[in-house]
Amino acid sequence: MPRYGRVLLKLSGEVLAGGGDEKRFGLDFEAVRRIGEEIAAVHDAGVSLSMVVGGGNMIRGKEIEKLGIERVQADYMGMLGTVINALALQDVLEQLGIPTRVQTSIEMRAVAEPYIRRRALRHMEKGRVVIFAAGTGSPYFSTDTTAALRAAEMNADCMVKGTKVDGIYDSDPKTNSEARLLPEVTYKDALVRRFKVMDASAFSLCMENKIPIVVMNILKRYNLVSMLVKGEQIGTIVHE
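Here we summarise the structure given alongside this text. It should be emphasised that the depicted structure is a prediction, and the values quoted were computed from it without experimental measurement.

**Focus on helix α5 (residues 143–153)**
Phase 1: Across the 11 residues that make up α5, a large majority, eight, are buried.
Phase 2: Among all positions in α5, only Thr143, Asp144, Thr145, Thr146, Ala147, Ala148, Arg150 and Ala151 are buried.
Phase 3: Buried residues in α5 make contact with β1 (6–11), β2 (48–53), α3 (71–95), β5 (129–133), β6 (158–163) and α7 (200–208).
Phase 4: Its side-chain oxygen at 3.3 Å from the backbone nitrogen of Asp144, Ser142 defines the N-terminal cap of α5.

Have a look at this one:
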């Protein structure tokens, strides 16, 4: 029996560039296919899925702003990177037999539907996986905040953030070898301690709408299936 009936999966753009601690760019189609296979397994187990994809593997608005690009322009460039990721995931999922729709917050009708909440809900009722791209369509908002917003709009039972780390630690594991993985964290602790795994606005949105957040390493094979389908404790859960 699946742990949650309806799930919003936030995929970091970095996971689509493949594994390892080093910063990688572009798409690693082996990684995309492997993640797609796990998403397909979760879908086939009866979980209603929607997704928000990041674009950090393509371009990061905050980083290119440092090179002299205006922040608003840089953010729009980042939104377009998320569309590339969404289209790649759509193709992989449909090759696996999973019906999929991409909806974008910036209209580009030649490649995707515009974001319409009621249409997205209807797609999910029909068993389709909906992938949301182009963030909120506005600059200054991260894809984490987009994911929390879409989770609330889609009436999700849980938001899963799939990243390259195993969960939330009490300190940075890259600089502290004794950093401890926290199996549970409250929304208030996440906000007060300013854990960098997600934006404060995303934590706040989920807290207000009582949507639990699971932060997990999606690059570890079967993690997603083990948590969502088998009900195992994977990563860190943020709740009340």
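Following the structure, the description resumes.
**Concerning the sheet that holds strand β4 (residues 113–114)**
Phase 1: On the basis of which strands lie adjacent, the open sheet formed by nine strands has the order β4-β3-β5-β2-β1-β6-β10-β11-β9 and mixed pairing. Edge positions in the open sheet fall to β4 and β9 (184–186), since each of these has one partner strand only.
Phase 2: Across three bridges, the pairing between strand β10 (residues 213–217) and strand β11 (residues 236–239) is antiparallel. When the bridges of β11 are listed, Val214 appears paired with Ile237.
Phase 3: In the packing of α5 onto the sheet, the strands contacted are β1, β2, β5 and β6, and the crossing angle to β1 comes to about 170°.

**Section: the nonpolar core**
Generally speaking, nonpolar side chains in soluble globular proteins are found buried as a group.
Phase 1: One finds Leu11, Ile39, Met51, Ile131, Val160 and Leu224 to be the most contacted residues of the largest nonpolar core, which totals 40 residues.
Phase 2: Mapped onto this core, the elements with two or more residues apiece are β1, α1 (29–44), β2, α3, β5, β6, β10 and α8 (223–228).
Phase 3: It is α3 that contributes the most residues to this core, six residues altogether.
Phase 4: If we skip the residues at most four places from it in the chain, Met51 touches Leu8, Leu9, Leu11, Ile39, Leu89, Leu93, Val129, Val130, Ile131 and Phe132.
Phase 5: Grouped together as the second largest cluster of nonpolar side chains are 29 residues, Ala120, Phe132, Ala148 and Ala151 included.

**Section: the side chain of Thr145**
Phase 1: Relative to the assigned elements, Thr145 resides in helix α5.
Phase 2: Here Thr145 is in contact with Asp199, Ser201, Ala202 and Leu205, once residues within four sequence places are set aside.

**Concerning the packing of aromatic side chains**
Phase 1: Evaluated as defined, the whole model comprises one aromatic pair.
Phase 2: Consider the rings of Tyr115 and Phe132, whose centres lie 5.5 Å apart with planes at 85°: the pair is edge-to-face. Placement of Tyr115 in the loop between β4 and α4 (117–125) and of Phe132 in strand β5 is noted, with a sequence separation of 17 residues between them. Like Tyr115, the residue Phe132 is buried in the burial classification.
Phase 3: Arg150 extends its terminal NZ or CZ atom over the ring of Phe132, reaching a point 5.7 Å from the ring centre.
Phase 4: Above the face of the Tyr222 ring, Arg221 is positioned so that its terminal group lies 5.9 Å from the ring centre.

**Quick notes on the environment of Ala152**
Phase 1: With respect to the element layout, Ala152 can be found in helix α5.
Phase 2: Judged by its relative accessible area of 26%, Ala152 falls in the partly exposed class.
Phase 3: In sequence terms Ala152 and Ser50 are 102 residues apart; their C-alpha atoms lie 12 Å from each other.
Phase 4: Here Ala152 is in contact with Asn209 and Ile211, once residues within four sequence places are set aside.

So, how was this worked out
- Residues numbered from 1 in each chain as written.
- Predicted model: local features only at pLDDT ≥ 70, side-chain atom pairs only at ≥ 80, totals over all residues.
- Heavy atoms only, no water.
- Buried < 20%, exposed > 50% of the residue type's maximum accessible area, 1.4 Å probe, protein only.
- Helix = DSSP H or I, 4+ residues; strand = E, 2+ residues; numbered from the N terminus.
- Contact = heavy atoms within 4.5 Å.
- Polar contact = N/O pair within 3.5 Å; in protein donor to acceptor, adjacent residues only side chain to side chain.
- Pairing = 2+ DSSP bridges.
- Axes fitted to C-alpha atoms, helices over the stretch in contact; angles between N-to-C directions.
- Core = buried A, V, L, I, M, F, W, Y, C linked by side-chain atoms within 4.5 Å.
- Phe/Tyr/Trp six-rings, centres within 6.5 Å; stacked < 30°, edge-to-face > 60°.
- Lys NZ or Arg CZ within 6 Å of the ring centre and 35° of its normal.

Such coordinate-based values are descriptive only and should not be taken to indicate function.
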